[in-house]
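Here is what each chain is made of, one letter per residue.
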Amino acid sequence: MRIAVFSTCKYDQEFLERYNTGHELVFFEQALSLKTIALTETFDALCLFVNDKTDSNMLTALKENGIKLILLRCAGFNNIDVAAAEELGIKILRVPAYSPEAVAEHALSMILTLNRKTHKAYNRIREGNFSLEGLMGFNLHNCKVALIGTGNIGKAFYRILKGLGCRVVAFDPYPDKALIADGLTYASLEEAVCDAEIVSLHCPLSDQSFHMINEQTLRFFKKGAMLINTSRGALVNTEEVITALKSGQLGYLGLDVYEQESALFFHDLSGEVIQDDLIARLISFPNVLITSHQGFFTREAMQQIAEITFSNADAFASGEPLVNEIKP
Ligand code: NAI
(Lines give C-alpha, C1' and ligand atoms only; values in the text may rest on other atoms or scores of the structure.)
Protein backbone atom coordinates (compact mmCIF):
# COMPACT_ATOMS: atom_id res chain seq x y z
CA MET A 1 0.00 0.00 0.00
CA ARG A 2 1.02 3.61 -0.50
CA ILE A 3 1.01 5.19 2.95
CA ALA A 4 1.38 8.90 3.87
CA VAL A 5 3.01 9.14 7.29
CA PHE A 6 2.31 12.42 9.12
CA SER A 7 3.96 14.09 12.13
CA THR A 8 7.21 12.25 11.65
CA CYS A 9 10.53 12.92 13.33
CA LYS A 10 13.84 11.24 12.41
CA TYR A 11 13.27 8.48 14.97
CA ASP A 12 9.82 7.63 13.53
CA GLN A 13 11.29 7.31 10.04
CA GLU A 14 14.15 5.14 11.33
CA PHE A 15 11.87 2.64 13.12
CA LEU A 16 9.14 2.57 10.43
CA GLU A 17 11.70 1.96 7.68
CA ARG A 18 13.41 -0.78 9.71
CA TYR A 19 10.19 -2.75 10.30
CA ASN A 20 8.37 -1.97 7.01
CA THR A 21 6.86 -5.14 5.53
CA GLY A 22 6.95 -3.82 1.96
CA HIS A 23 4.67 -0.77 1.83
CA GLU A 24 5.53 2.46 0.04
CA LEU A 25 6.04 5.08 2.75
CA VAL A 26 6.13 8.84 2.21
CA PHE A 27 7.08 10.81 5.34
CA PHE A 28 5.76 14.27 6.17
CA GLU A 29 7.08 16.24 9.13
CA GLN A 30 3.87 18.27 9.31
CA ALA A 31 0.80 17.19 11.25
CA LEU A 32 -2.34 16.34 9.31
CA SER A 33 -4.57 19.43 9.26
CA LEU A 34 -6.77 21.42 6.89
CA LYS A 35 -3.56 23.04 5.59
CA THR A 36 -1.85 19.72 4.80
CA ILE A 37 -4.81 17.59 3.73
CA ALA A 38 -3.99 18.14 0.04
CA LEU A 39 -0.85 16.03 0.60
CA THR A 40 -3.04 12.93 1.06
CA GLU A 41 -4.05 12.66 -2.61
CA THR A 42 -2.71 9.54 -4.36
CA PHE A 43 -2.37 7.52 -1.12
CA ASP A 44 -4.32 4.44 0.03
CA ALA A 45 -3.73 4.94 3.72
CA LEU A 46 -2.53 7.43 6.32
CA CYS A 47 -0.33 6.75 9.32
CA LEU A 48 -1.08 9.28 12.09
CA PHE A 49 0.10 10.16 15.58
CA VAL A 50 -1.47 11.71 18.69
CA ASN A 51 -1.81 15.30 17.46
CA ASP A 52 -3.03 14.62 13.91
CA LYS A 53 -6.66 15.67 14.23
CA THR A 54 -9.39 14.43 11.91
CA ASP A 55 -12.94 15.62 12.39
CA SER A 56 -15.88 14.58 10.20
CA ASN A 57 -15.24 17.32 7.58
CA MET A 58 -11.63 16.25 7.22
CA LEU A 59 -12.62 12.59 7.01
CA THR A 60 -15.07 13.42 4.19
CA ALA A 61 -12.24 15.16 2.33
CA LEU A 62 -9.93 12.19 2.98
CA LYS A 63 -12.56 9.81 1.59
CA GLU A 64 -12.77 11.96 -1.56
CA ASN A 65 -8.97 11.72 -1.83
CA GLY A 66 -9.25 7.92 -1.84
CA ILE A 67 -8.11 7.18 1.73
CA LYS A 68 -9.47 3.84 2.93
CA LEU A 69 -7.46 3.26 6.05
CA ILE A 70 -6.00 5.23 8.96
CA LEU A 71 -3.19 3.55 10.87
CA LEU A 72 -2.76 5.17 14.27
CA ARG A 73 0.73 4.63 15.64
CA CYS A 74 -0.59 5.19 19.18
CA ALA A 75 -3.13 3.74 21.64
CA GLY A 76 -5.34 6.81 22.30
CA PHE A 77 -7.82 7.74 19.55
CA ASN A 78 -9.50 10.87 20.96
CA ASN A 79 -8.11 12.84 17.97
CA ILE A 80 -10.29 10.92 15.45
CA ASP A 81 -14.06 11.15 14.88
CA VAL A 82 -14.51 7.38 14.91
CA ALA A 83 -18.27 7.47 14.26
CA ALA A 84 -17.79 9.65 11.16
CA ALA A 85 -15.03 7.34 9.90
CA GLU A 86 -17.33 4.32 10.27
CA GLU A 87 -20.10 6.07 8.33
CA LEU A 88 -17.65 6.89 5.54
CA GLY A 89 -16.24 3.36 5.51
CA ILE A 90 -12.72 4.44 6.51
CA LYS A 91 -11.15 1.83 8.78
CA ILE A 92 -9.24 3.01 11.86
CA LEU A 93 -6.62 0.66 13.27
CA ARG A 94 -4.48 1.44 16.29
CA VAL A 95 -1.65 0.03 18.38
CA PRO A 96 -3.64 -0.82 21.52
CA ALA A 97 -0.70 -1.66 23.74
CA TYR A 98 2.99 -1.15 23.19
CA SER A 99 5.19 -1.57 26.15
CA PRO A 100 2.78 -0.22 28.78
CA GLU A 101 5.82 -0.43 31.07
CA ALA A 102 7.39 2.47 29.11
CA VAL A 103 4.64 4.89 30.19
CA ALA A 104 4.38 3.42 33.71
CA GLU A 105 8.15 3.80 34.21
CA HIS A 106 7.96 7.41 32.96
CA ALA A 107 5.21 8.14 35.50
CA LEU A 108 7.51 6.72 38.18
CA SER A 109 10.43 8.85 36.97
CA MET A 110 8.23 11.98 37.22
CA ILE A 111 7.22 11.06 40.78
CA LEU A 112 10.83 10.45 41.82
CA THR A 113 12.08 13.66 40.23
CA LEU A 114 9.34 15.82 41.79
CA ASN A 115 9.68 14.14 45.17
CA ARG A 116 13.48 13.83 45.55
CA LYS A 117 14.32 16.87 43.34
CA THR A 118 17.22 15.16 41.60
CA HIS A 119 16.99 17.72 38.75
CA LYS A 120 17.73 20.49 41.25
CA ALA A 121 20.49 18.52 42.97
CA TYR A 122 22.15 17.89 39.59
CA ASN A 123 22.29 21.62 38.82
CA ARG A 124 23.33 22.61 42.36
CA ILE A 125 26.27 20.20 42.49
CA ARG A 126 27.53 21.39 39.09
CA GLU A 127 27.73 24.89 40.59
CA GLY A 128 29.54 23.71 43.70
CA ASN A 129 26.43 24.00 45.90
CA PHE A 130 26.32 20.95 48.18
CA SER A 131 23.51 22.26 50.42
CA LEU A 132 20.42 20.09 51.08
CA GLU A 133 18.12 23.05 51.86
CA GLY A 134 14.82 22.63 49.99
CA LEU A 135 15.54 19.11 48.75
CA MET A 136 13.60 17.12 51.37
CA GLY A 137 11.26 14.47 49.95
CA PHE A 138 8.99 11.77 51.38
CA ASN A 139 9.18 7.97 51.44
CA LEU A 140 7.17 6.23 48.74
CA HIS A 141 7.11 3.14 50.95
CA ASN A 142 3.71 3.04 52.68
CA CYS A 143 2.41 6.18 50.94
CA LYS A 144 -1.08 6.14 49.42
CA VAL A 145 -1.30 6.34 45.63
CA ALA A 146 -4.58 6.79 43.74
CA LEU A 147 -4.46 5.02 40.38
CA ILE A 148 -7.09 6.40 37.99
CA GLY A 149 -7.57 3.78 35.25
CA THR A 150 -6.30 0.21 35.54
CA GLY A 151 -5.94 -0.85 31.90
CA ASN A 152 -2.63 -1.88 30.35
CA ILE A 153 -0.60 1.04 31.71
CA GLY A 154 -2.43 1.23 35.05
CA LYS A 155 -1.72 -2.48 35.61
CA ALA A 156 1.97 -2.07 34.80
CA PHE A 157 2.11 0.91 37.17
CA TYR A 158 0.31 -1.02 39.91
CA ARG A 159 3.03 -3.71 39.76
CA ILE A 160 5.74 -1.03 40.14
CA LEU A 161 3.92 0.70 43.02
CA LYS A 162 3.38 -2.62 44.79
CA GLY A 163 7.09 -3.32 44.50
CA LEU A 164 7.82 0.05 46.12
CA GLY A 165 5.52 -0.79 49.05
CA CYS A 166 2.89 1.89 48.26
CA ARG A 167 -0.74 1.56 49.38
CA VAL A 168 -2.66 1.70 46.11
CA VAL A 169 -6.36 2.53 45.74
CA ALA A 170 -7.83 2.58 42.23
CA PHE A 171 -10.77 4.13 40.43
CA ASP A 172 -11.96 2.55 37.18
CA PRO A 173 -15.57 2.09 36.00
CA TYR A 174 -14.56 -1.49 35.07
CA PRO A 175 -12.59 -2.95 38.02
CA ASP A 176 -10.18 -5.73 37.09
CA LYS A 177 -10.89 -9.01 38.94
CA ALA A 178 -7.30 -10.25 38.62
CA LEU A 179 -6.02 -7.04 40.24
CA ILE A 180 -8.56 -7.34 43.07
CA ALA A 181 -7.35 -10.91 43.63
CA ASP A 182 -3.82 -9.47 43.70
CA GLY A 183 -4.78 -7.14 46.56
CA LEU A 184 -5.80 -3.92 44.76
CA THR A 185 -8.68 -1.99 46.34
CA TYR A 186 -11.13 -0.07 44.15
CA ALA A 187 -13.11 2.97 45.29
CA SER A 188 -15.00 5.95 43.85
CA LEU A 189 -12.88 8.75 42.37
CA GLU A 190 -13.47 10.89 45.47
CA GLU A 191 -12.56 8.08 47.88
CA ALA A 192 -9.52 7.07 45.84
CA VAL A 193 -7.99 10.56 45.76
CA CYS A 194 -8.89 11.53 49.33
CA ASP A 195 -5.79 11.16 51.56
CA ALA A 196 -3.62 10.06 48.60
CA GLU A 197 -0.13 11.59 48.49
CA ILE A 198 -0.02 10.90 44.75
CA VAL A 199 -2.77 10.74 42.10
CA SER A 200 -1.75 9.26 38.75
CA LEU A 201 -4.02 9.33 35.66
CA HIS A 202 -4.06 6.29 33.33
CA CYS A 203 -7.48 6.50 31.68
CA PRO A 204 -8.42 7.52 28.15
CA LEU A 205 -9.81 10.92 27.20
CA SER A 206 -13.54 10.73 26.46
CA ASP A 207 -16.63 12.89 26.94
CA GLN A 208 -16.93 11.38 30.43
CA SER A 209 -13.30 11.94 31.45
CA PHE A 210 -12.83 15.43 29.87
CA HIS A 211 -11.52 17.79 32.62
CA MET A 212 -12.09 15.10 35.28
CA ILE A 213 -9.46 16.90 37.37
CA ASN A 214 -11.05 20.30 37.99
CA GLU A 215 -11.73 22.77 40.78
CA GLN A 216 -14.39 20.47 42.25
CA THR A 217 -12.43 17.19 42.19
CA LEU A 218 -9.26 18.97 43.37
CA ARG A 219 -11.15 19.82 46.59
CA PHE A 220 -11.16 16.09 47.42
CA PHE A 221 -7.35 15.91 47.11
CA LYS A 222 -5.21 15.87 50.23
CA LYS A 223 -3.62 19.32 50.61
CA GLY A 224 -0.19 19.32 49.00
CA ALA A 225 -0.75 16.10 47.01
CA MET A 226 1.07 15.26 43.78
CA LEU A 227 -0.81 14.93 40.47
CA ILE A 228 0.77 12.99 37.58
CA ASN A 229 -0.79 13.00 34.10
CA THR A 230 0.82 10.77 31.47
CA SER A 231 -2.49 10.05 29.69
CA ARG A 232 -4.08 12.95 27.80
CA GLY A 233 -3.86 16.68 28.52
CA ALA A 234 -7.59 17.40 28.51
CA LEU A 235 -8.19 15.08 31.47
CA VAL A 236 -7.03 18.10 33.47
CA ASN A 237 -8.52 21.61 33.55
CA THR A 238 -5.21 23.47 33.33
CA GLU A 239 -6.44 26.85 34.62
CA GLU A 240 -8.04 25.26 37.69
CA VAL A 241 -4.92 23.20 38.36
CA ILE A 242 -2.83 26.40 38.24
CA THR A 243 -5.17 27.95 40.83
CA ALA A 244 -4.70 24.86 43.05
CA LEU A 245 -0.90 25.10 42.68
CA LYS A 246 -0.97 28.78 43.66
CA SER A 247 -3.04 28.06 46.79
CA GLY A 248 -0.91 25.04 47.75
CA GLN A 249 -3.92 22.67 47.48
CA LEU A 250 -1.79 20.87 44.89
CA GLY A 251 1.80 20.41 46.04
CA TYR A 252 3.39 18.96 42.90
CA LEU A 253 2.38 18.50 39.27
CA GLY A 254 3.96 16.19 36.69
CA LEU A 255 2.65 16.49 33.13
CA ASP A 256 3.75 14.42 30.16
CA VAL A 257 0.69 15.62 28.24
CA TYR A 258 -0.96 19.04 27.99
CA GLU A 259 -4.32 20.09 26.60
CA GLN A 260 -2.81 22.52 24.05
CA GLU A 261 0.25 20.37 23.37
CA SER A 262 -0.24 20.09 19.60
CA ALA A 263 1.19 23.59 19.03
CA LEU A 264 4.22 22.91 21.25
CA PHE A 265 5.21 19.32 21.86
CA PHE A 266 7.67 17.46 19.61
CA HIS A 267 9.03 20.79 18.23
CA ASP A 268 12.19 22.76 19.09
CA LEU A 269 10.79 26.22 19.95
CA SER A 270 13.85 27.33 21.91
CA GLY A 271 14.40 30.34 19.63
CA GLU A 272 10.81 31.52 19.74
CA VAL A 273 8.57 33.42 22.14
CA ILE A 274 6.08 30.96 23.64
CA GLN A 275 2.60 32.37 23.01
CA ASP A 276 0.80 29.94 25.33
CA ASP A 277 0.47 31.79 28.65
CA LEU A 278 -0.81 28.74 30.54
CA ILE A 279 2.25 26.62 29.82
CA ALA A 280 4.49 29.64 30.51
CA ARG A 281 2.85 29.92 33.95
CA LEU A 282 3.20 26.18 34.56
CA ILE A 283 6.90 26.27 33.65
CA SER A 284 7.42 29.05 36.22
CA PHE A 285 6.45 26.85 39.21
CA PRO A 286 9.31 25.17 41.09
CA ASN A 287 7.09 22.16 41.85
CA VAL A 288 5.95 21.44 38.28
CA LEU A 289 7.71 19.04 35.92
CA ILE A 290 6.69 18.95 32.26
CA THR A 291 7.92 16.48 29.66
CA SER A 292 6.95 16.61 26.01
CA HIS A 293 4.76 13.48 25.62
CA GLN A 294 7.75 11.16 25.95
CA GLY A 295 6.17 8.45 28.12
CA PHE A 296 6.05 6.01 25.20
CA PHE A 297 9.56 6.86 24.01
CA THR A 298 11.69 3.77 24.57
CA ARG A 299 13.45 1.52 22.01
CA GLU A 300 11.13 -1.36 22.90
CA ALA A 301 7.95 0.69 22.48
CA MET A 302 9.12 2.21 19.17
CA GLN A 303 9.82 -1.28 17.81
CA GLN A 304 6.39 -2.57 18.90
CA ILE A 305 4.60 0.49 17.47
CA ALA A 306 6.28 -0.07 14.08
CA GLU A 307 5.69 -3.85 14.07
CA ILE A 308 1.99 -3.60 15.07
CA THR A 309 1.37 -0.72 12.63
CA PHE A 310 2.63 -2.85 9.74
CA SER A 311 0.78 -5.99 10.89
CA ASN A 312 -2.38 -3.80 10.91
CA ALA A 313 -1.59 -2.59 7.37
CA ASP A 314 -0.90 -6.15 6.18
CA ALA A 315 -4.16 -7.48 7.68
CA PHE A 316 -6.13 -4.74 5.89
CA ALA A 317 -4.34 -5.29 2.58
CA SER A 318 -4.90 -9.06 2.65
CA GLY A 319 -8.50 -8.95 3.94
CA GLU A 320 -7.66 -10.68 7.23
CA PRO A 321 -9.58 -9.90 10.47
CA LEU A 322 -8.77 -6.45 11.80
CA VAL A 323 -8.01 -7.25 15.44
CA ASN A 324 -6.97 -3.68 16.28
CA GLU A 325 -9.90 -1.90 14.64
CA ILE A 326 -11.55 0.94 16.59
CA LYS A 327 -15.34 0.93 16.42
CA PRO A 328 -17.57 3.75 17.70
P1 NAI B 1 -6.44 0.87 28.32
O2 NAI B 1 -7.54 1.05 27.34
O3 NAI B 1 -5.71 -0.42 28.41
O4 NAI B 1 -6.99 1.21 29.80
C5 NAI B 1 -7.74 2.33 30.11
C6 NAI B 1 -8.48 2.05 31.41
O7 NAI B 1 -9.13 3.25 31.81
C8 NAI B 1 -9.58 0.97 31.27
O9 NAI B 1 -9.45 0.02 32.32
C10 NAI B 1 -10.88 1.76 31.41
O11 NAI B 1 -11.93 1.01 32.02
C12 NAI B 1 -10.44 2.91 32.28
N13 NAI B 1 -11.28 4.08 32.22
C14 NAI B 1 -12.08 4.50 31.20
N15 NAI B 1 -12.69 5.65 31.54
C16 NAI B 1 -12.30 5.96 32.80
C17 NAI B 1 -12.58 7.02 33.69
N18 NAI B 1 -13.42 8.02 33.36
N19 NAI B 1 -11.99 7.01 34.91
C20 NAI B 1 -11.15 6.02 35.27
N21 NAI B 1 -10.83 4.99 34.46
C22 NAI B 1 -11.39 4.97 33.23
O23 NAI B 1 -5.43 2.08 28.04
P24 NAI B 1 -3.86 2.15 28.39
O25 NAI B 1 -3.08 1.44 27.35
O26 NAI B 1 -3.66 1.77 29.81
O27 NAI B 1 -3.59 3.71 28.20
C28 NAI B 1 -4.20 4.68 29.02
C29 NAI B 1 -4.02 6.04 28.36
O30 NAI B 1 -2.62 6.37 28.39
C31 NAI B 1 -4.38 6.07 26.87
O32 NAI B 1 -5.76 6.31 26.67
C33 NAI B 1 -3.55 7.21 26.36
O34 NAI B 1 -4.33 8.38 26.44
C35 NAI B 1 -2.39 7.29 27.34
N36 NAI B 1 -1.08 6.99 26.72
C37 NAI B 1 -0.06 7.90 26.89
C38 NAI B 1 1.18 7.65 26.35
C39 NAI B 1 2.32 8.60 26.55
O40 NAI B 1 3.32 8.53 25.82
N41 NAI B 1 2.27 9.50 27.53
C42 NAI B 1 1.43 6.45 25.55
C43 NAI B 1 0.33 5.53 25.51
C44 NAI B 1 -0.90 5.82 26.06
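**Student:** Could you clarify how one ought to interpret the overall build of the protein in this entry?
**Tutor:** When helices and strands are counted, the protein shows twelve helices and twelve strands. Taking 20 Å as the expected radius of gyration for a compact globule of 328 residues, we find that the protein reaches 21 Å, a close match to that expectation. Oriented by its inertia axes, the alpha-carbon framework of the protein measures out at about 60 × 50 × 35 Å. Relative to its full complement of 328 residues, the protein shows a buried share of 48%. Across the protein, the fraction of contacts at a sequence separation of at least 24, relative to all contacts at a separation of at least 6, is 67%. In the form shown here, the protein has an accessible surface area of approximately 16100 Å², with 53% of it arising from carbon and sulfur atoms. Across the protein, the 29 positively charged side chains and the 40 negatively charged ones have centroids separated by 7 Å.

**Student:** What should I look at first to understand the nonpolar core in this one?
**Tutor:** Nonpolar side chains in soluble globular proteins tend to end up buried together. By size, the foremost hydrophobic cluster in this structure holds 45 residues, and its most contacted members are Ile3, Leu32, Leu46, Leu48, Leu62, Ile70 and Leu72. Among the elements that line this core, the one with the most residues is helix α12 (residues 299-317), at six residues. Every residue in contact with Leu62, bar those within four places of it in the chain, is listed here: Leu32, Ile37, Thr40, Leu46, Thr54, Ile67, Ile70 and Ile90. By size, the runner-up hydrophobic cluster in this structure holds 32 residues, among which are Ile148, Ala196, Val241 and Phe285.

**Student:** Is there a simple way to think about the sheet that holds strand β8 (residues 185-186) in this case?
**Tutor:** Two strands in a sheet stick together by hydrogen bonds in their backbones, pointing the same way (parallel) or opposite ways (antiparallel). Pairing in this open sheet of seven strands is parallel, and the strands run β8-β7-β6-β9-β10-β11-β12 from one edge to the other. Because the sheet does not close on itself, it has two edges, and the strands there are β8 and β12 (288-290). Where strand β9 (residues 198-201) and strand β10 (residues 225-229) come together, four bridges link them in parallel fashion. Looking at β10, one finds that Ile198 is bridged to Met226. Running at roughly 145 degrees to β10, helix α4 (residues 100-116) makes contact with β9, β10, β11 (250-255) and β12 of the sheet. Along the sheet face, helix α11 (residues 277-284) touches β11 and β12 and points at about 125 degrees away from the line of β12.

**Student:** How do you make sense of the sheet that holds strand β2 (residues 24-27) when you look at a structure like this?
**Tutor:** Pairing is parallel across the open sheet formed by five strands, whose spatial order is β2-β1-β3-β4-β5. A strand with exactly one partner marks an edge of an open sheet, and here the two such strands are β2 and β5 (91-93). Across this sheet, the average inter-strand angle for adjacent strands is 20 degrees, counted without regard to direction. Taken together, the four bridges between strand β1 (residues 2-5) and β2 define a ladder with parallel strand orientation. Bridging across to β2, Arg2 finds its partner in Glu24. Seen against the sheet, α12 touches β1, β2, β3 (45-48), β4 (69-72) and β5 and runs at an angle of roughly 160 degrees to β4.

**Student:** Looking at this model, I keep getting lost on the site of the ligand. Mind explaining?
**Tutor:** In the vicinity of the ligand, 25 residues are found, and the nearest of them are Asn152, Ile153, Asp172, Thr230 and Phe296. Between the ligand and the protein, one listed contact pairs an oxygen atom with a side-chain N or O atom of Asp172 at 2.6 Å. Relative to its free-state accessible area of 860 Å², the ligand is covered by the protein chains to the extent of 85%. When grouped by side-chain class, the residues that make up the shell around the ligand number twelve nonpolar, ten polar and three charged.

**Student:** What is the right way to look at the pairing of β1 in this model?
**Tutor:** Looking along a regular strand, one sees the side chains alternate between the two faces of the sheet. Note on the crossover from β1 through helix α1 (residues 10-19) to β2: the handedness is right-handed. In the sheet, β1 pairs with β3 via three bridges, with the strands oriented parallel. In the sheet register, Ile3 faces β3, and the bridge partner there is Ala45.

**Student:** Help me understand the pattern of salt bridges, please; the structure alone is not making it clear to me.
**Tutor:** Close approach of charged atoms lets side chains of opposite charge pair. Per the counting criterion, the structure on display carries twelve salt bridges. Glu86 is paired through a salt bridge with Lys327; the nearest N and O atoms lie 3.4 Å apart. With Glu86 in helix α3 (residues 82-88) and Lys327 in the segment after α12, the pair connects residues that are 241 residues apart, well separated along the chain. Residue classification places Glu86 among the partly exposed positions, given a relative accessible area of 40%. Connected through salt bridges with shared partners, the residues Glu86, Lys91, Glu325 and Lys327 form a single ionic network.

How each quantity is defined
- Residues numbered from 1 in each chain as written.
- Predicted model: local features only at pLDDT ≥ 70, side-chain atom pairs only at ≥ 80, totals over all residues.
- Heavy atoms only, no water.
- Helix = DSSP H or I, 4+ residues; strand = E, 2+ residues; numbered from the N terminus.
- Rg over C-alpha atoms; globule rule 2.2 N^0.38 Å.
- Buried < 20%, exposed > 50% of the residue type's maximum accessible area, 1.4 Å probe, protein only.
- Contact = heavy atoms within 4.5 Å.
- Areas by Shrake-Rupley, 256 points an atom, 1.4 Å probe, with all protein chains shown as cover.
- Lys, Arg positive; Asp, Glu negative; His and termini not counted.
- Charge placed at Lys NZ, Arg CZ, Asp CG, Glu CD.
- Core = buried A, V, L, I, M, F, W, Y, C linked by side-chain atoms within 4.5 Å.
- Pairing = 2+ DSSP bridges.
- Axes fitted to C-alpha atoms, helices over the stretch in contact; angles between N-to-C directions.
- Near = heavy atom within 4 Å.
- Polar contact = N/O pair within 3.5 Å; in protein donor to acceptor, adjacent residues only side chain to side chain.
- Nonpolar A, V, L, I, M, F, W, Y, C, P; charged D, E, K, R; others polar.
- Right-handed = clockwise from strand over helix to strand, strands pointing away.
- Salt bridge = Lys/Arg side-chain N within 4 Å of Asp/Glu carboxyl O.

Everything listed here is a matter of geometry and, on its own, says nothing about what the molecule does.
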